[in-house]
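# Remarks on the overall topology
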Amino acid sequence: GSLETSRFETLLLATIEDVRAQQQAFEILANICTSQDADAEEDGMSDVTEDDEDVDESTVGFVGSSDDLNDPVLASVAASGVFERVLAKAAMPSPALREAASAQPATAGLVAQICIVQMRALGCLANMLLSLPLGSIVHLVQNIWTGLCQICASSLSSPALAGSSSTAFLLTPEGGSSPEMDVLDSATNGMWSLLRKCYSTPATPALPISIDVQHIQGLIHLAGLRHLEDARVHAIGMLGIIGQLPQFGALVAQIATVLVAALQEQSTAFQPLVVAETLNSIFDVFAEPPVNQIVAGIGMMGVLQSFLPFLRDRIKTGRTTIDRD
């Protein structure tokens, strides 16, 4: 009756307000965990010219790698156990629940707010990974990796992304990207940040993560999905790290194949960020003699040589439109 409807509406409004408060809390926490050093480094990178060489790319993104927490606020964040709570919020809601609740006019607004909270939580998680020293989260690294892998798998299996091969299919009616794609992009970015933090020097990893072969196969698959550009860039970057780890030597040939394919398809759909990260990963994984046989077996050198004039032409013609970053 009308009484039950009124109670439901009151409860719904109160819940939405609570969710909005959580959103604001994540925004504040994300700002707290934004390193000034990271901002300075990012600003400094904008001044790099074409003549600048010998940049140590292994240091990019590794802010706060020292175990010394000089900032008392960050020290408090590290000791508070908030990391686990942020990760839990990043996994909500499940795609199935989101789809079911969104179909009901009464709860669609609440679901939209929860999705915003999820995005804020993922962004906050990324900032925390960059700002907090590895020693303060060493006991959580495996849970973070596993949790982010689960979020990615859940997003990829959602109706909006599963079987999709069209960018248009991934857009909302307003023209923005779908929540599922935003979650996938943020989760893969978090995974990439975690790998870079733990394996800044792949030959002597600071903290090995237990990475399942199934996870790597999933990244290889994602690296070939042209319509998921941002997540694809993140996957290619992760393969560039994983491919250097001796325990995954048996998968290097598969990694090489998907990287070469990413370059070969650029003549039909040029994606500058994909090209940049693919070349970075190729240089990282295939720079040493032990993989020469794989390089020769798939004709990688021939692909790179033929790709060079194409890339040069695209850079010339797109000089005013391609983002330098």
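Just above sits the structure.
Reading guide: rules and limits
- Here the residue index of a chain counts from 1 through its sequence in written order.
- Side-chain atom pairs in this predicted model are given and counted only at pLDDT of 80 or more, local residue features only at pLDDT of at least 70, and totals for whole chains, interfaces and linings cover all residues.
- Just so you know, side-chain values use all the structure's heavy atoms and leave hydrogens and water out.
- Helical segments are the DSSP runs of H or I of at least four residues, strand segments are the runs of E of at least two, and each set is numbered from the N terminus.
- We call a residue buried when its accessible area falls under 20% of the maximum for its residue type, exposed when it is over 50%, and partly exposed in between, using a 1.4 Å probe and counting protein chains only.
- Note on areas: Shrake-Rupley, 1.4 Å probe, and residue coverage restricted to the protein chains presented here.
- Salt bridge, as applied in this entry: a Lys or Arg side-chain nitrogen positioned within 4 Å of an Asp or Glu carboxyl oxygen.

Right, let's talk about the overall build of the chain for a bit. Helix and strand counts for the chain come out as 15 helices and zero strands. Split into buried and exposed, the 325 residues of the chain put 41% on the buried side. Entry remark: accessible area of the chain is about 17100 Å², with carbon and sulfur atoms responsible for 56%.

Our focus in this paragraph is the pattern of salt bridges. What the rule picks out here adds up to two salt bridges. One salt bridge in this structure joins E27 and R120, with 2.9 Å as the shortest N-O distance. Linking E27 in helix α1 (residues 2-32) with R120 in helix α6 (residues 105-131), this pair joins segments that are 93 residues apart in sequence. Look at E27 and you get partly exposed, because its relative accessible area is 30%. On the basis of relative accessibility, which here comes to 33%, the residue R120 falls in the partly exposed class. Of the charged contacts in the structure, one is a salt bridge between R232 and E265, with a shortest N-O distance of 2.6 Å. Taken together, the positions of R232 in helix α11 (residues 229-242) and E265 in the loop between α12 (252-264) and α13 (272-285) put the pair 33 residues apart, joining distant regions of the chain. Across the pair, exposure class does not vary: R232 and E265 are buried alike.

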